[in-house]
Every structure is written in structure tokens, then in C-alpha cells.
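Structural features, examined
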Amino acid sequence: MKIVQVAGFDRLKEENRGIPYKQFSYIWLVSLCTALPTTSLFPFLYFMIRDFGIAKQVEDIGFYAGFVGSSFMVGRALTSIAWGMAADRYGRRPIILIGTLSVAILNMLFGLSTNFWMAISMRFFLGCFNSLLGTMRAYASEICREEHRALALSVVSTSRGIGLVIGPAIGGFLAQPVEKYPKVFSKNSLFGRFPYFLPCLIISLYAAGIFALCWWLPETLHKHNGRVNEKGNSVAQLRASSKTEGKDFADVDLDERPSPSDGNLWKNWPLMSTIVVYCIFSLQEMAYSEIFSLWAVSDKKYGGLSFSSQDVGEVLAISGFGLLLFQFLIYPQVEKHLGPLIVTRLSAVVSIPLLSSYPYIALLSGLTLHLVVNVASWLRNALSVSLITGIFILLNNAVPQHQRGAANGISMTAMSIFKAVGPAGGGSLLSWAQKRQHAAFLPGAQMVFFVLNMVQLIGLLLTFKPFLAQPRHRH
């Protein structure tokens with residue numbers, strides 16, 4: 001099978017030694033498209049479940065909300081490997097086009113949900129067709145010269161991280177527009193009948209624009225008569241990249257990795273160990289995203305902040321702007337000096353005391369509460385994106401080009417399974433914790449953030465030897 005390439009693409013990449021800002025812009029926009037619908041529902045999901053009338057008591061809303069959040073990741077888990085293999089066979093661009101089109105259609109239908117089961121179904125199908133993140137990670141590592149690869153993967157994780165906070169900001173500001181902006185939206189309008197449709201529509205319109213833009217996206221997968229053109233980049237790239245990753249990864253014997261012709265990804269220990277670490281941190285990240293919004297809108301008598309969905313949107317919007325500045329101005333310099341593995345470990349370590357302080361933030365009020373929540377939220381999101389960026393770099397460095405689609409498909413499948421547990425587990429954990437406000441051991445929200453920290457600690461421990469990238473010395 002042949003894939004027609006943009007003429008002279010490799011030659012152009014070699015001649016243009018500067019940062020490819022145009023290609024990075026494509027990566028940023030498409031990665032944002034896949035991230036926006038992932039968590040945009042969290043600020044209004046509490047109210048949506050309440051309006052469906054399926055929860056018999058207020059404390060049970062988090063339980064049902066968790067299943068709606070998890071359905072997206074279940075769908076993604078079932079299809080990610082297939083999409084990754086398709087990206088390796090047919091090219092990156094066709095898969096990116098399918099993914100952006102699915103967001104445009106299915107996210108809009110989710111906003112029109114009239115009952116609990118329709119909401120779960122639409123989120124499930126959206127997850128099934130959401131093939132963008134793994135493909136974009138492979139694409140980002142191929143679109144630029146080797147010295148810019150860390151920055152390219154940082155662009156993916158930055159855009160994803162910003163999407164994970166801007167998405168909820170859009171949901172928080174635009175859900176229930178009739179109540180928030182009665183002079184603009186009437187009760188008899190479409191947005192009065194479907195109060196959660198507007199944020200979904202805005203994200204779908206953005207996805208439709210990205211779908212049109214991606215027709216001009218250059219292809220990076222090189223095949224000729226059914227054979228992958230690696231141009232000798234696999235071992236050389238890994239050997240060069242290992243110099244910046246600390247001794248734990250530098251010790252891996254690259255020449256003992258499976259060759260491109262007979263490589264078995266399941267026996268690639270640097271890849272598999274990185275995926276496991278990625279899954280643990282993804283579980284914690286997704287559970288936090290679900291819990292934070294539900295906790296923030298919960299009443300203070302249940303240990304929450306008594307925020308409105310708009311208040312949550314404001315917090316996340318401010319976090320997103322701060323995150324953008326951090327990731328482009330600070331992270332590249334830190335990663336350059338410390339390497340992705342050290343950055344990942346430091347981010348995990350600092351996150352633990354930060355999350356431990358969250359239950360005590362609920363004791364504040366007024367301007368002080370809003371100020372502290374904004375600072376804590378920004379810091380938490382900056383640490384999370386730094387951590388995941390480091391994992392992205394390690395993961396893509398573990399395989400040659402022709403296996404990156406499949407490798408990212410495997411990581412997406414495994415990660416999606418863990419992320420599917422995140423919202424359901426997080427929602428159930430919060431619901432249970434809110435019923436034990438006067439317990440002797442870790443009452444209320446203290447138990448919630450304690451459990452999140454335990455998951456984070458497990459992920460941190462797995463980044464050390466002998467687990468992560470077990471060294472294999474050449475003889």
C-alpha cells in the first residue's frame with residue numbers, strides 16, 4: 001500500500017533548522033480539539049444528573065456522575081489500539097480527520113441528551129471515535145527535527161492540559177445560559193429546553209473548524225510499496241534523546257531493542273514500564289478532574305466550596321491562562337536542564353502536599369477563598385501537565401517511527417481503562433466521603449484527597465529502578 005507524501009517533506013525538515021511554528025500550531029489546535037470535550041462536562045454534570053432525576057438523594061449525584069464521565073474512557077479503551085494500527089497503516093492525517101469530525105458531531109449530541117442513558121451513550125461513542133491524542137503524540141515526534149522533539153511533545157501536553165481546564169471553563173460559563181444570561185437567552189429557546197447544549201455546541205463548532213483546517217495537514221508517515229521508510233532514525237534518535245533523560249533511561253541498551261522488522265511492542269520493557277507509570281498518573285489526574293468540580297459545587301455542609309458552575313469556570317479559565325504561560329516560558333528550560341524523568345518525579349512529589357491542603361481550603365470564605373483556590377488550581381494543573389509531558393517524551397523515545405502509532409494506541413487503551421475507573425471511582429469516593437463528615441479518621445474531603453495522594457505516591461515510586469526502564473547492559 002502506498003501513502004502519497006508531501007514532496008520533499010524530509011528535505012524541508014532538514015533544511016529548516018529553526019522551530020517549525022506553523023506545524024506546532026497545527027499540533028496545538030488539534031490536540032486542544034481532543035482535550036476540550038474530555039472534561040468540559042464536569043462543572044455542569046452535577047446539575048445535569050440532578051435534572052435527569054435519577055439520583056434519589058443529593059449525596060448520590062456524584063455516584064451517577066462518575067459513570068457518565070467514565071463512559072467516554074471505556075469507549076476510548078475499546079478502540080485505541082485499532083486506531084493506532086490504522087494510523088500506522090493509512091497515515092496520521094486520515095485518523096486525525098475522523099477524530100475531529102467525531103468531536104464535531106457526537107459532542108453536540110451529548111448536549112442534547114434528555115436522560116441519563118442517552119448521556120452515557122453519546123459519551124461512550126465519543127470515546128470510541130476520539131483517536132486524536134495518541135496519533136498526535138506520534139505526529140508531533142515526526143513533524144520536526146530531533147532537537148525540537150521535546151518541545152513538540154510539550155506542545156501536545158500543553159494544549160491537552162489547557163484543554164482539560166479550558167473545557168470545564170467553557171462548560172461552567174455557558175451551561176444553563178437562561179439562568180445566567182436571561183437578557184440574551186429566553187426560556188422558550190433551544191437553550192432553555194436543553195440547558196447544557198450551548199457549551200457542547202461551541203466545542204463542536206471549534207472541532208468542525210479544525211476538521212476543515214486539517215485537510216492541509218502534511219502527512220508524516222512514510223511508506224513505499226507497503227514498507228515503512230525509517231531513514232535510520234530509530235536507534236540514533238533514541239541514543240541522542242537518552243542523553244537528556246537521566247541515568248535511569250540512559251542505561252537501556254538500544255541495540256538490543258527489537259528491530260523494526262520483527263519488533264514486538266509487548267516485549268519492549270522501556271515502553272511497557274512507561275505505559276504503566278502513565279496509567280497510574282492518568283488515573284489520579286482524571287479522578288482529580290472529576291472530584292474537583294463536584295467538590296467545588298457541593299455545599300459547605302458536605303465539605304465543599306458552595307461554588308456555582310460559573311465560579312468553577314472562572315477558576316479553571318484563570319488556571320488555563322497561567323498554565324499556557326508556564327508551559328511555554330518555564331517548562332522547556334526546566335526540562336532542558338533536568339530531563340523529563342526528573343521533572344516527572346519532582347512534579348509528583350510537590351503535588352502530594354498541595355492536595356493535602358485542599359480540605360482546609362474549604363474552611364476559607366470570600367475573597368481569600370477565591371484567591372487561594374485559583375493559586376492552588378493553577379499550581380496543581382501546572383504540575384500535572386509537566387508530569388504528563390515527561391511521560392510523553394519517554395514513551396515516544398521508546399519506539400521507532402513506524403511503531404509509534406501502535407505504541408500510542410496501546411498506551412491510549414491502557415490509559416483509557418484507568419481513566420474510566422477515575423471518574424466512576426472519584427465520584428463514588430466523594431459520594432461516600434460526604435456521608436462521613438464526622439468520622440474519627442480522615443472525615444469528609446480529607447479521605448478523598450488522601451486517596452488521591454496514595455495513587456500519586458504509587459506512580460512516583462514506579463518511576464524508580466528497578467521498575468521503570470530496567471537497565472540492560474550491552475556485552
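That block above? That's the structure.
Scope of this entry: the structure provided in the associated data block. Note that the structure is a prediction, hence the values are computed from the model and not measured.

A closer look at the overall build of the protein chain
Regarding its fold elements, the protein chain presents 20 helices and two strands. Per-residue burial for the protein chain yields a buried fraction of 60% across its 475 residues. A total accessible area of about 19,000 Å² is found for the protein chain, and carbon and sulfur atoms account for 66% of it.

Some thoughts on the packing of aromatic side chains
Scanning the model with the defined rule gives 19 aromatic pairs in all. Measuring from centroid to centroid gives 5.2 Å for Y358 and F449, while their planes differ by 50°, and the two rings are tilted. In this pair, Y358 is assigned in helix 17 (residues 358-361) and F449 in helix 20 (residues 445-461), connecting sequence segments 91 residues apart. Among the aromatic residues, those joined into a ring-pair cluster are F63, Y64, F67, F116 and W117. Its guanidinium or amino end placed over the ring of F110, R123 lies 5.6 Å from that ring's centre, counting from NZ or CZ. For the cation-ring pair, R380 lies above Y288, with the distance from its terminal atom to the ring centre recorded as 4.4 Å.

Some thoughts on the side chain of S204
Within the secondary structure layout, S204 lies in helix 11 (residues 197-213). Residues contacting S204, with those up to four places away along its chain left out, are V103, A104, N107 and M108.

Examining the nonpolar core
Grouped together as the largest cluster of nonpolar side chains are 120 residues, with contacts concentrated most on I27, F110, L271, W295, Y358 and F449. Tallying contributions element by element places helix 14 (residues 269-297) first for this core, with 16 residues.

Description of helix 20
Over its 17 residues, helix 20 extends 25 Å from the first C-alpha to the last, a length consistent with the 24 Å expected when each residue adds 1.5 Å. Those residues of helix 20 not exposed but buried are A445, M447, V448, F449, L452, N453, V455, Q456, G459 and L460.

Observations regarding a nonpolar patch on the surface
Residues F321, L325, L329, I330, V334, L338 and L346 make up a contiguous nonpolar surface patch of about 640 Å² in total accessible area. For the nonpolar patch, the element with the most residues is helix 15 (residues 309-338), which contributes six residues. Using a relative accessible area of 55% as the deciding quantity, one classes F321 as exposed.

Some thoughts on the environment of P20
Positionally, P20 belongs in the loop between helix 1 (9-15) and helix 2 (21-39). Along the primary structure P20 and R145 are separated by 125 residues, whereas in three dimensions their C-alpha atoms are 8.8 Å apart. Those residues in contact with P20 that sit more than four places away from it in its chain are C144 and H148.

A word on the packing of helix 14 against helix 18 (residues 366-397)
For the pair helix 14 and helix 18, interaxial distance at closest approach is 10 Å and the crossing angle is 160°. In terms of their interaxial angle, helix 14 and helix 18 are classed as roughly antiparallel. In terms of crossing hand, the pair formed by helix 14 and helix 18 is left-handed. Contact residues: helix 14 offers L271, T274, I275, V277, Y278, F281, Q284, E285, Y288 and F292, while helix 18 offers V373, S377, R380, S384, L387, I388, I391, F392, L394 and L395. Considered class by class, the residues forming the contact of helix 14 with helix 18 number 14 nonpolar, four polar and two charged.

Digging into the packing of helix 7 (residues 132-142) against helix 18
Contact geometry of helix 7 with helix 18 gives a least axis separation of 11 Å together with a crossing angle of 70°. Between helix 7 and helix 18, the angle is such that the two are roughly perpendicular. Along its contact with helix 7, which presents L133, R137, A138 and S141, the element helix 18 presents F392, L395 and N396. Classifying every residue of the contact of helix 7 with helix 18 gives four nonpolar, two polar and one charged.

Some remarks on the pattern of salt bridges
As enumerated under the stated definition, the model contains two salt bridges in all. Ionic pairing is found between R50 and D51, a salt bridge with its closest N-O pair at 3.3 Å. Taking the relative accessible area as the measure of exposure, R50 reaches 42% and is therefore partly exposed. Assessed through its relative accessible area of 43%, D51 is described here as partly exposed. Of the charged contacts, one joins D88 and R92 as a salt bridge, the two residues approaching to 2.7 Å between their closest N and O atoms. As far as the burial class goes, D88 and R92 line up, both buried.

Remarks on the environment of I166
Counting through the fold element by element, I166 comes out in helix 8 (residues 149-174). Owing to a relative accessible area of 25%, I166 belongs among the partly exposed residues under this scheme. Counting along the chain gives 126 residues from I166 to S40, while the straight-line C-alpha distance between them is 7.6 Å. Setting aside anything within four residues of it in sequence, one finds I166 in contact with L36, A317 and G320.

Some words on unusual backbone geometry
A positive phi angle, close to 60°, is found at S306, a residue other than glycine. The topology assignment puts S306 in the loop between helix 14 and helix 15. For L442, which is not glycine, the phi dihedral falls at a positive 45°. Position of L442 relative to the elements: it lies in the loop between helix 19 (404-433) and helix 20. Taking the relative accessible area as the measure of exposure, L442 reaches 17% and is therefore buried.

Definitions and limits used
- Residues numbered from 1 in each chain as written.
- Predicted model: local features only at pLDDT ≥ 70, side-chain atom pairs only at ≥ 80, totals over all residues.
- Heavy atoms only, no water.
- Helix = DSSP H or I, 4+ residues; strand = E, 2+ residues; numbered from the N terminus.
- Buried < 20%, exposed > 50% of the residue type's maximum accessible area, 1.4 Å probe, protein only.
- Areas by Shrake-Rupley, 256 points an atom, 1.4 Å probe, with all protein chains shown as cover.
- Phe/Tyr/Trp six-rings, centres within 6.5 Å; stacked < 30°, edge-to-face > 60°.
- Lys NZ or Arg CZ within 6 Å of the ring centre and 35° of its normal.
- Contact = heavy atoms within 4.5 Å.
- Core = buried A, V, L, I, M, F, W, Y, C linked by side-chain atoms within 4.5 Å.
- Expected span 1.5 Å × (residues − 1).
- Patch = residues over 30% accessible without salt bridge, like charges linked within 9 Å, V, L, I, M, F, W, Y side chains within 5 Å.
- Salt bridge = Lys/Arg side-chain N within 4 Å of Asp/Glu carboxyl O.
- Axes fitted to C-alpha atoms, helices over the stretch in contact; angles between N-to-C directions.
- Parallel < 35°, antiparallel > 145°, perpendicular 65-115°, else oblique.
- Left-handed = near helix turned anticlockwise from the far one by under 90°.
- Nonpolar A, V, L, I, M, F, W, Y, C, P; charged D, E, K, R; others polar.

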